[in-house]
Amino acid sequence: MPENEVKLTKLAKCAGCGAKVGAGVLAQLLDGIKVHSDPNLLVGFDKSDDASVYKVSNDLALVQTVDFFPPIADDPYLFGQIAATNALSDVYAMGGEPKLCLNIMAVPADMPKEAVHDLLRGGYDKVYEAGALITGGHSILDEEPKYGLAVTGFVHPDKVLTNSGAKPGDVLLFTKPIGIGVLTTAAKADMASEESMALAHKLMTTLNKSARDAMVKYRVHACTDVTGFGLLGHTLEMAQGSDVEVELDVESIDLIPEALELARMGILPEGMYRNRAFAEESVDEGTVELCKQDLLYDPQTAGGLLMAVDPADAETLFEELKDCVPSAQRVGTVREYRGGKRIFLR
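It should be emphasised that the depicted structure is a prediction, and the values quoted were computed from it without experimental measurement.

The next thing to look at is the sheet that holds strand β7 (residues 171-174). Read from one edge to the other, the open sheet built from 7 strands follows the order β8-β11-β7-β12-β9-β13-β10, with strand pairing classed as mixed. For this open sheet the edge positions go to β8 (220-225) and β10 (283-284), each flanked by a neighbour on one side alone. In this sheet, strand β11 (residues 305-309) lies alongside β7 in antiparallel orientation, the contact comprising 4 bridges. Among the inter-strand pairings, Leu-173 is bridged to a residue of β11, identified as Met-307. Packing of helix α2 (residues 76-93) onto the sheet brings it into contact with β8 and β11, and relative to β8 it is tilted by some 170°.

So this is what it looks like as structure tokens:
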């Protein structure tokens, strides 16, 4: 290894969105904090949404979010791309367009300046691909490297998408395969193939821009991006916020084959256990194999968009998504809440 090359993942205790505080713990930490009202605050943190939205005028609202995490890839440029892709995704999930970004970075004092430069370049390149700008930021010294963005986007106040608007009868569409957390965990022990890691890196650096651009043309009642809380954790937040229940067709969900085999072997990230602890009381697993359940709890980094779509528009949107996002899937339906469990696996 060249003298100035650094294995970023060896410097981190957790990788990517697997480092997130668990949803259940986060809810406890926020409990009791007084929320001040403002008629122009369209979306705050009371419904576990992806970003906040503030109305500026009848035609313009600001979408704001922040996201950063420890390395999920050894290559600094790739890590920068992934972190930026993940941070931008929250704005897309609200139906918005990213416009301005600020870097958030922590680096060890002895990290080679070439590595820091490549990390920042990865973030810049992905932000520019999104059509946004990086206008500054903040950095500190830390033993563990971390990188991400604060992102401001624009959206029309009447076209904001939240995770709490799903309605009975809606069709659930999802845009990326599942299994990133398992693969990146296995990669730390050199147990993941080069082919699967290449797929993981491609997925984590694919912006949700095309999916967002397609969905805003149709009647989408709710949307969230699936990241650190896993598909089941984020689906549960949507079901609770919308006061509905959800049926997921597990056979229709794209589970990365190697990730499934690794899960069957018990190669699982710590975040999966946190997500299961948060959501499992609200999930009826049916007869779904345990390893498939594990992948549904698997924390994703820069994951896909989960959309609750009006049934009259679902097929047309799905066909358009397949043209621009080939991994798009129909994964379930929304039903009226009948009490008890919120998610049913079939």
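That was the structure; now back to the text.
Here the structure, examined in full by the defined rule, presents 19 salt bridges. Here Asp-213 makes a salt bridge to Arg-212, at a shortest N to O gap of 3.0 Å. Look at Arg-212 and you get buried, because its relative accessible area is 11%. Among the ionic contacts, a cluster of salt bridges with common partners joins Glu-245, Glu-247, Arg-335 and Arg-338.

Right, let's talk about the environment of Leu-41 for a bit. Along the chain, Leu-41 turns up in strand β1 (residues 41-43). Note: C-alpha distance between Leu-41 and Lys-55 (14 residues apart in sequence) is 6.3 Å. Residues in contact with Leu-41, not counting those within four places in the same chain, are Val-53 and Tyr-54.

Angle between the axes and distance between the axes: these two values describe a pair of packed helices. Where helix α8 (residues 257-264) contacts helix α10 (residues 290-297), the two axes come as close as 9 Å, and the packing angle between them is 115°. Seen from above, α8 lies across α10 with right-handed handedness. Along its contact with α8, which presents Ala-259, Leu-260, Ala-263 and Arg-264, the element α10 presents Cys-291, Lys-292, Asp-294 and Leu-295. Of the residues in the contact of α8 with α10, the class split is 5 nonpolar, no polar and 3 charged.

What follows covers the pairing of strand β12 (residues 329-336). Bridge analysis of β7 against β12 gives 4 bridges, and the strand direction is antiparallel. Looking at β12, one finds that Leu-172 is bridged to Gly-332. Here strand β9 (residues 244-248) runs beside β12; their pairing, made up of 5 bridges, is antiparallel. Following the sheet pairing, Glu-245 is matched in β12 by Arg-335.

Bringing the packing of aromatic side chains into the picture now. Using the criterion set out here, one finds 3 aromatic pairs in the structure. Considering the side-chain rings of Phe-79 and Tyr-147, the 6.5 Å spacing of their centres and the 75° angle between planes classify their relative orientation as edge-to-face. Within this pair, whereas Phe-79 is found in helix α2, its partner Tyr-147 is found in strand β6 (residues 146-155), the two being separated by 68 residues in sequence. A relative accessible area of 0% means that Tyr-147 is categorised as buried. Aromatic side chains Tyr-124 and Tyr-128 sit 5.8 Å apart centroid to centroid with 80° between the ring planes, which places their arrangement in the edge-to-face category. Here the residue Tyr-124 and the residue Tyr-128 both occupy positions in helix α3 (residues 113-129), the gap between them amounting to 4 residues, near one helical turn. For Tyr-124, a relative accessible area of 28% corresponds to the partly exposed category. Of the aromatic side chains, those joined through ring pairs into one cluster are Phe-69, Phe-79 and Tyr-147. The ring centre of Phe-344 lies 4.9 Å from the NZ or CZ of Arg-335, which sits over that ring. Between Arg-342 and the ring centre of Tyr-337, over which it is positioned, the NZ or CZ distance is 3.5 Å.

Parameters at a glance
Residues numbered from 1 in each chain as written. Predicted model: local features only at pLDDT ≥ 70, side-chain atom pairs only at ≥ 80, totals over all residues. Heavy atoms only, no water. Pairing = 2+ DSSP bridges. Helix = DSSP H or I, 4+ residues; strand = E, 2+ residues; numbered from the N terminus. Contact = heavy atoms within 4.5 Å. Axes fitted to C-alpha atoms, helices over the stretch in contact; angles between N-to-C directions. Salt bridge = Lys/Arg side-chain N within 4 Å of Asp/Glu carboxyl O. Buried < 20%, exposed > 50% of the residue type's maximum accessible area, 1.4 Å probe, protein only. Left-handed = near helix turned anticlockwise from the far one by under 90°. Nonpolar A, V, L, I, M, F, W, Y, C, P; charged D, E, K, R; others polar. Phe/Tyr/Trp six-rings, centres within 6.5 Å; stacked < 30°, edge-to-face > 60°. Lys NZ or Arg CZ within 6 Å of the ring centre and 35° of its normal.

Don't take any of this as a statement about function, it's just geometry.
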